[in-house]
Amino acid sequence: MPTIPSSRPRVLSGMRPTGKLHLGNYMGALANWVKLQQDYECYFFIADWHALTTDYADTSKVMDNIEEVALDFLGAGLDPENSVLFLQSKVLEHSKLHLLFSMITPVSWLERVPTYKEQQENITGKDLSTYGFLGYPLLQSADILIYQPQFVPVGQDQVVHVELTREIARRFNQFYKLDGREVLPEPQVLLTPSPKLPGTDGRKMSKSYGNTIQLTDTEAEVRQKLKTMVTDPARIRRSDPGDPDKCPVGDLHKLFSTPEKLVEVYTGCRSAGIGCIQCKGWAADSLVQILAPIQERRSRYTAAQAVEIIEAGSVRAQRRAAQTMREIDAAMQMPIG
Ligand code: TRP
Ligand code: SF4
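Note that the structure is a prediction, hence the values are computed from the model and not measured.

Regarding the pairing of strand 2 (residues 41–46)
Piece 1. Extensive coverage of strand 2 is indicated by the burial of six of its six residues.
Piece 2. With burial as the criterion, each face of strand 2 is covered, one bearing Glu41, Tyr43 and Phe45 and the other bearing Cys42, Phe44 and Ile46.
Piece 3. With six bridges joining them, strand 1 (residues 10–15) and strand 2 adopt parallel strand pairing. Bridge assignment links valine 11 to a residue of strand 2, and that residue is cysteine 42.
Piece 4. Between the parallel elements strand 1 and strand 2, the chain passes through helix 1 (residues 23–36) in a crossover that is right-handed.
Piece 5. Pairing between strand 2 and strand 3 (residues 84–87): four bridges, direction parallel.

The structure is reproduced here in structure tokens:
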């Protein structure tokens with residue numbers, strides 16, 4: 001399959017294969033990626049090497065997780081005809097560029113990336129004093145710059161990594177030029193708005209909290225999860241009025257329900273005219289409507305087919321990455337290839 005020539009600005013983004021994706025992953029990334037496909041030349045990938053930076057001691061789930069994320073990409077509506085969907089470990093140029101960057105990157109730049117210390121403190125039970133974990137954002141810089149994209153669509157939590165990427169590009173361009181020209185343009189963040197999406201316990205939806213609604217959850221599972229969801233703590237009895245703005249179920253309505261339904265929720269809750277059980281039923285209805293088309297698309301593929309699609313995408317990605325790598329090798333006056 002030839003690389004589709006394109007004059008659209010290029011974007012690149014990736015996701016670690018953490019297993020089946022949930023509504024938080026969808027709202028915070030995938031739904032935005034799906035929209036970008038119309039106006040940008042898109043490269044989206046599964047960052048399986050990045051999974052190793054924290055999970056190197058137990059790699060038994062990586063393969064399964066890649067399959068699930070590949071299926072979720074397709075289910076969410078990423079279109080392999082239009083976007084390049086690929087797997088990081090199939091494009092060796094990422095690792096070569098990471099190595100070359102490691103030659104020019106002061107260790108102090110990596111030590112002061114705020115996520116480094118934060119994560120080391122937050123993730124207990126894993127020894128994260130490794131070289132690979134320190135280098136996580138440098139590998140990310142290589143992931144990005146090997147495609148020379150104009151934009152990197154990410155959430156607020158990844159902005160510092162794109163900032164580092166820009167610094168790395170600048171440093172590279174200072175040392176090495178190709179016929180006087182800069183090889184690595186500094187990419188810009190395309191900030192993904194991340195709406196407040198609570199999990200069933202009212203905290204931010206996150207796999208590590210075990211409070212997620214997965215894209216593959218059946219209607220019965222969605223309804224069951226909603227039943228156990230926390231509500232406005234002030235609403236103790238059915239006769240107590242509540243406030244949807246102080247209720248995680250209210251937050252779900254704001255994201256997923258129609259304006260008409262939202263009016264019913266606000267008036268019903270504030271006047272104690274509806275009960276939480278009924279209100280949760282409505283929220284479940286809205287979620288089921290969002291999930292149905294995602295699940296329908298997902299069910300069109302077997303895991304093997306999804307992986308095949310990602311492998312075909314990886315061939316296209318590799319071709320593009322090799323093009324940048326030739327420029328990098330030439331600029332560095334190193335053997336090409
Ligand atoms: N670090 C990103 C995350 O945890 C995943 C990632 C890896 C990424 N490489 C990337 C995102 C390159 C954007 C571009 O979500
Ligand atoms: Fe929350 Fe709905 Fe109950 Fe109000 S009625 S507290 S919005 S679940």
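From this point on, the discussion continues.
A word on the nonpolar core
Piece 1. Leu23, Tyr26, Leu30 and Leu226 are the most contacted members of the largest nonpolar core, which has 50 residues in total.
Piece 2. In terms of domain composition, this core takes at least three residues from each of domain 1 (10–197 + 302–331) and domain 2 (217–296).
Piece 3. In this view, leucine 23 contacts Leu197, Met205, Ile213, Leu215, Phe256, Leu287 and Leu291; residues no more than four positions away in its chain are not counted.
Piece 4. In terms of nonpolar packing, the next biggest core, distinct from the first, is built from 41 residues, Phe45, Leu128, Val162 and Tyr176 among them.

Some points on the pattern of salt bridges
Piece 1. Throughout the structure, instances matching the rule amount to 24 salt bridges.
Piece 2. The partner of lysine 261 in a salt bridge is glutamate 264, and the shortest N-O contact between them spans 3.6 Å. Here the residue lysine 261 and the residue glutamate 264 both occupy positions in helix 12 (residues 259–270), the gap between them amounting to three residues, near one helical turn.
Piece 3. Salt bridges sharing partners connect three or more residues here, namely Lys196, Asp243, Asp245, Lys246, Asp251, Lys254 and Arg270.

Things to note about the layout of surface pockets
Piece 1. Space inside the second largest pocket adds up to approximately 230 Å³.
Piece 2. What lines the second largest pocket is simply His98, Leu99, Ser102, Thr105, Val107, Leu110, Tyr131, Gly132, Leu134, Gly135 and Leu138.
Piece 3. Secondary-structure elements contributing two or more residues to the lining of the second largest pocket are helix 4 (93–104), helix 5 (107–111) and helix 7 (131–134).
Piece 4. Of the residues belonging to the lining of the second largest pocket, the class tally is six nonpolar, five polar and no charged.

Some points on the environment of alanine 76
Piece 1. Relative to the helices and strands, alanine 76 resides in helix 3 (residues 62–76).
Piece 2. By relative accessible area, alanine 76 is classed as buried at 3%.
Piece 3. Residues contacting alanine 76, with those up to four places away along its chain left out, are Tyr26, Leu30, Val34, Ile294 and Arg297.

So, the side chain of histidine 50
Piece 1. Relative to the helices and strands, histidine 50 is located in helix 2 (residues 48–55).
Piece 2. A relative accessible area of 2% means that histidine 50 is categorised as buried.
Piece 3. In terms of polar contacts, histidine 50 uses its side chain to reach the side chain of glutamine 88, at 3.3 Å.
Piece 4. Discounting chain neighbours no more than four positions away, the residues touching histidine 50 are Arg16, Gln88, Tyr136, Leu139, Gln140 and Asp143.

What about empty space enclosed by the protein?
Piece 1. Across all of its chains, the model carries two cavities of 30 Å³ or more by this definition.
Piece 2. Empty space within the largest cavity amounts to approximately 90 Å³.
Piece 3. Surrounding the largest cavity, 13 residues form its lining, Arg235, Cys247, Cys269, Cys276 and Cys279 being those nearest its centre.
Piece 4. For the lining of the largest cavity, the residue count by class is eight nonpolar, three polar and two charged.

Points about the site of ligand 2
Piece 1. What surrounds ligand 2 is the set Thr231, Asp232, Arg235, Pro244, Cys247, Val249, Cys269, Cys276 and Cys279.
Piece 2. The cavity where ligand 2 resides is the largest cavity.
Piece 3. Residues of the shell around ligand 2, tallied by class, amount to six nonpolar, one polar and two charged.

Quick word on the side chain of serine 314
Piece 1. With respect to the helices, strands and loops of the structure, serine 314 is situated in helix 14 (residues 303–331).
Piece 2. In terms of polar contacts, serine 314 uses its side chain to reach the backbone carbonyl oxygen of isoleucine 310, at 2.7 Å.
Piece 3. Once you skip the residues sitting within four places of it in the chain, serine 314 turns out to touch Leu85, Phe86, Leu87, Lys90 and Val91.

Structural notes on the environment of proline 153
Piece 1. Relative to the helices and strands, proline 153 resides in strand 4 (residues 151–154).
Piece 2. Considered as a pair, proline 153 and methionine 103 are 50 residues apart in the sequence and their alpha carbons are 27 Å apart.
Piece 3. When residues no more than four places from it in sequence are discounted, the contact partners of proline 153 are Val11, Leu12, Ser13, Asn32, Trp33, Leu36, Phe44, Leu190 and Thr192.

Description of the site of ligand 1
Piece 1. Near ligand 1 lie 14 residues; those nearest to it are Gly14, Tyr136, Gln140, Asp143 and Gln158.
Piece 2. Glutamine 140 is positioned with one of its side-chain polar atoms (N or O) 2.9 Å from a nitrogen atom of ligand 1.
Piece 3. A distance of 2.7 Å separates a nitrogen atom of ligand 1 from a polar atom in the side chain of aspartate 143.
Piece 4. For ligand 1, whose free accessible area comes to 360 Å², the fraction covered by protein is 91%.
Piece 5. Secondary structure elements with two or more residues in the shell around ligand 1: strand 1, helix 8 (136–145) and strand 4.
Piece 6. Top element by residues in the shell around ligand 1 is helix 8. It accounts for four residues.
Piece 7. Taken together, the residues of the shell around ligand 1 break down into seven nonpolar, five polar and two charged.

Here is what the cut-offs are and how they apply
Residues numbered from 1 in each chain as written. Chains lettered and ligands numbered in written order. Predicted model: local features only at pLDDT ≥ 70, side-chain atom pairs only at ≥ 80, totals over all residues. Heavy atoms only, no water. Buried < 20%, exposed > 50% of the residue type's maximum accessible area, 1.4 Å probe, protein only. Helix = DSSP H or I, 4+ residues; strand = E, 2+ residues; numbered from the N terminus. Pairing = 2+ DSSP bridges. Right-handed = clockwise from strand over helix to strand, strands pointing away. Core = buried A, V, L, I, M, F, W, Y, C linked by side-chain atoms within 4.5 Å. Domains from an automatic or database assignment. Contact = heavy atoms within 4.5 Å. Salt bridge = Lys/Arg side-chain N within 4 Å of Asp/Glu carboxyl O. 1 Å grid on protein atoms, 1.4 Å probe; cavity = no way out; pocket = protein on both sides within 12 Å on 5 of 7 lines; lining within 4 Å. Points joined across faces, edges and corners; volume = space filled by probe spheres on them. Nonpolar A, V, L, I, M, F, W, Y, C, P; charged D, E, K, R; others polar. Polar contact = N/O pair within 3.5 Å; in protein donor to acceptor, adjacent residues only side chain to side chain. Near = heavy atom within 4 Å. Sits in = over half its atoms within 2 Å of the grid points. Areas by Shrake-Rupley, 256 points an atom, 1.4 Å probe, with all protein chains shown as cover.

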